[in-house]
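Single-letter residue listing:
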Amino acid sequence: MSECPVCQTQYIPGNVHRCSVCGWDLTPYPPALAQSVPSEFWQQQSVQLDWARQMWAKWSFSQGVWYTLSPLKEQLAQIEQQLQQAQQERQDLREQLQQLLPQLDQPLPTLNTESHQESTPLPPLEVAVLNYELIEHQFTLNDFSDSVLSVAISPDGETLVSGGYDNLIKLWNLQTREIIHTLAGHTDSVISVAISPDGKTLVSGSADNTLKMWNLNTGTEIMTADEHLDSVLSVAISPNRKTVASASSDGTIKLWDLNTGYEIRTLFGHTDAVLCVAISPDGQNLVSGSSDDTIKVWNLKTGKEIRTLTGHRNSVLSVAINPDGQTVVSGGYDDTIRVWNLKTGEEIRTIAGHEDSVLSVAVSPGGQMLVSGSSDNTIKVWHLKTGEEIHTLRGHSSSVISVALSRDGKTIASCSSDKKIKVWHVLS
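**Q** Residues and numbers for the overall build of the protein, please.
**A** In terms of helices and strands, the protein carries two helices and 30 strands. The long-range fraction of contacts in the protein, counting pairs at least 24 apart against all pairs at least 6 apart in sequence, stands at 43%. About 22,000 Å² of surface is accessible on the protein, with carbon and sulfur atoms providing 49% of the total.

Now the structure itself:
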């Protein structure tokens, strides 16, 4: 017996020419021909086989999900029927009450089956007027053995989180500059980190194809999600603290329930690796950037694609949404920053000034300033409305991979492949 190289279905050589399950051609090459063809032919065959295996894995996974969800759909139908029955009973009761109490003027509230999904967002922060022309370097964190790939600052401005090539996540006290926790659990580089708006949960994405959720206060791991088929390159958390979005090299975006860790849905649409994601301040939209040179805008609740933004001449490496929810900012491999109207998809302006790829972008809480990190080793501060360059921060000796702003806009953190994090202070 032999096994199909794609789906591992067993077959008897010579009896079949194609796999009965996946359809892969099983016809062997004649020995004389196999010896005469050039090595490039076999390399091409190997690439095609790898592709077929990936496609089979994705198809098998989707089929497995379908079979798993089938009984759940029946249960959901029964629950929906019970809810409708309860709604009718409640309406009957309401009519009886109105007959007993004709003076009742105010109608009873209608049954809202989605109320448990909503959450009161955090109140807006009073943002001081800051002078981004006056930025001073405060300190450098250099306790790293390899490149630092991602940084985030907690909402209270007291904790800095970093992830890097050493597979570790580190939590720092920004006042004492000491390490609070070192989180070990990922088996490959930690590429992206995000902190929930309430400052309680940390989410990390890794090249080990997983995303993990952690208790930020204790440093304990809450759960691991491993449904992506390739590296998790970017993670984002919704303002209502209910949904996590993850972008992957497998070309998909996945949405997860932050409380349970269960996958809500998968978004398909990009034709190459999805490199970055961001969620709008109102929680309505998700924005993604990809190696297919496009930005896509999605309805976060339904998972439907709303529009595609085109203009970058190469991969879109980073996206951020203005706190006013009106504009999207993107940084690209084409060395440019672009500003877009989120509602219409129209490109408002192109900002040029970096001499290499723009790896990370962040918008100030007031929505006036833009901070960018680049492969040209610099951090630049821009006026978002005009595209004017205000300040260039120098100090890193290699690519600035990620930048983060505190919720009050007074602190900028940057990390680099020079194995350092730098913290900068914005003067008011």
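**Q** Can you lay out the sheet that holds strand β17 (residues 285–290) for me, pointing to particular residues and giving the numbers?
**A** A sheet is described by the order of its strands in space; here four strands give the open sequence β16-β17-β18-β19, paired in antiparallel fashion. Whereas interior strands pair on both sides, the edge strands pair on one side only; in this sheet they are β16 (274–279) and β19 (305–310). Taken pair by pair, the neighbouring strands of this sheet meet at an average axis angle of 20 degrees, ignoring direction. In terms of strand pairing, β17 meets strand β18 (residues 294–299) through five bridges, oriented antiparallel. Across the sheet, residue Ser 288 finds its bridge partner in β18, namely Lys 296.

**Q** Mind laying out the nonpolar core, listing which residues take part and the relevant values?
**A** Tyr 132, Ile 135, Val 371, Ile 379 and Ile 412 are the most contacted members of the largest nonpolar core, which totals 15 residues. Elements with a contribution of two residues or more to this core: β3 (131–141), β25 (369–374), β26 (379–383), β28 (400–405) and β30 (421–427). When residues in this core are grouped by element, the largest group, three residues, is from β28. Other than its neighbours up to four places away in sequence, Val 371 contacts Ser 360, Val 361, Ala 362, Ile 379, Lys 380, Val 381, Val 403, Leu 405 and Ile 412.

**Q** Give me the packing of aromatic side chains: which residues, what numbers.
**A** Evaluated as defined, the whole model comprises one aromatic pair. Seen from their ring centres, Phe 144 and Trp 172 are 5.6 Å apart, and the 50 degrees between their planes marks the pair as tilted. Separated by 28 residues along the polypeptide, Phe 144 in the loop between β3 and β4 (148–153) and Trp 172 in strand β6 (residues 168–173) bring together distant segments of the chain. For Phe 144, a relative accessible area of 13% translates into the label buried.

**Q** Account for the environment of Val 274, with residues named and values stated.
**A** Within the secondary structure layout, Val 274 lies in strand β16. Assessed through its relative accessible area of 1%, Val 274 is described here as buried. Between the C-alpha atoms of Val 274 and Ser 290, which are 16 residues apart in sequence, the distance is 4.3 Å. Sequence-distant contacts of Val 274, defined by excluding residues within four places in its chain, comprise Leu 233, Ala 247, Ser 248, Gly 251, Thr 252, Ile 253, Ser 288, Gly 289 and Ser 290.

**Q** Tell me about unusual backbone geometry, and please be specific about residues and values.
**A** You will see that Arg 241, though not glycine, has its phi angle at about 65 degrees, which is positive. Examined against the element boundaries, Arg 241 turns out to sit in the loop between β12 (232–237) and β13 (243–248). Residue Arg 241 is classed as buried on the basis of its relative accessible area of 17%. In this structure, Asp 293 takes a positive phi of about 75 degrees despite not being glycine. Here Asp 293 shows up in the loop between β17 and β18. Relative accessible area serves as the criterion here: at 25%, Asp 293 is assigned to the partly exposed category.

**Q** Would you mind going over the sheet that holds strand β8 (residues 190–195) in detail, with residue names and values included?
**A** The strand order across the open sheet formed by four strands is β8-β9-β10-β11, and the pairing between neighbours is antiparallel. Unpaired on one side and paired on the other, β8 and β11 (221–225) mark the two borders of the sheet. Each strand of the sheet is rotated relative to its neighbour by a mean of 20 degrees, with strand direction disregarded. Looking at chain direction, strand β10 (residues 211–215) and β11 are connected through four bridges and run antiparallel. Counterpart to Lys 212 in the pairing with β11 is Thr 224.

**Q** Provide a residue-level description of the pattern of salt bridges, including the pertinent values.
**A** Following the criterion strictly, the structure yields eight salt bridges and no others. The closest approach of N and O atoms between Glu 221 and Lys 212, which form a salt bridge, is 3.1 Å. Classification of Glu 221 by relative accessible area gives partly exposed; the value is 36%. Among the salt bridges present, the one from Arg 338 reaches Glu 347, with a minimum N-O distance of 3.1 Å.

**Q** If you had to explain the environment of Lys 380 to someone new, which residues and values would you point to?
**A** Looking at the secondary structure, you find Lys 380 in strand β26. Of the residues examined, Lys 380 reaches a relative accessible area of 7% and is grouped as buried. Residues Lys 380 and Arg 394, 14 residues apart in the sequence, show an inter-C-alpha distance of 8.9 Å. Discounting chain neighbours no more than four positions away, the residues touching Lys 380 are Gly 353, His 354, Leu 370, Val 371, Ser 372, Glu 389, His 391 and Thr 392. A polar contact of 3.0 Å, which involves the side chain of Lys 380, links it to the side chain of Glu 389.

Conventions used here
Throughout, residues of each chain are indexed from 1 in the direction in which the sequence is written. Restriction of local features to residues with pLDDT of at least 70 applies here, the model being predicted, together with a cutoff of 80 or more for giving and counting side-chain atom pairs; totals for whole chains, interfaces and linings are based on all residues. Remark: hydrogens and water are excluded; side-chain values derive from all non-hydrogen atoms of the structure. Starting at the N terminus, helices and strands are each numbered in turn, a helix being any DSSP run of H or I of at least four residues and a strand any DSSP run of E of at least two. By definition, residues are in contact when any of their heavy atoms lie within 4.5 Å. Areas reported here follow the Shrake-Rupley algorithm with a probe of radius 1.4 Å; residue values treat only the protein chains shown as occluding. When DSSP finds two or more bridges between a pair of strands, those strands are recorded as paired. Note on definitions: angles span 0 to 180 degrees between N-to-C directions of axes, and those axes are lines fitted to C-alpha atoms, for helices only across the stretch in contact. Nonpolar core, defined: a set of buried Ala, Val, Leu, Ile, Met, Phe, Trp, Tyr and Cys residues in which side-chain atoms within 4.5 Å join the residues together. Note on classification: 1.4 Å probe, protein chains only; a residue is buried when its accessible area is under 20% of the maximum for its type, exposed when over 50%, partly exposed between these limits. Only rings of Phe, Tyr and Trp enter the pairing, Trp through its six-membered ring, and a pair is recorded when the two centres are within 6.5 Å. The plane angle decides the type: under 30 degrees is stacked, over 60 is edge-to-face, the rest tilted. The term salt bridge refers to a side-chain nitrogen of Lys or Arg lying within 4 Å of a carboxyl oxygen of Asp or Glu. Any pair of N or O atoms that falls within 3.5 Å is considered a polar contact. Within protein, one atom must be able to donate a hydrogen and the other to accept it, and sequence-neighbouring residues count only if both atoms are side-chain atoms.

These values are about where atoms sit, not about what they do.
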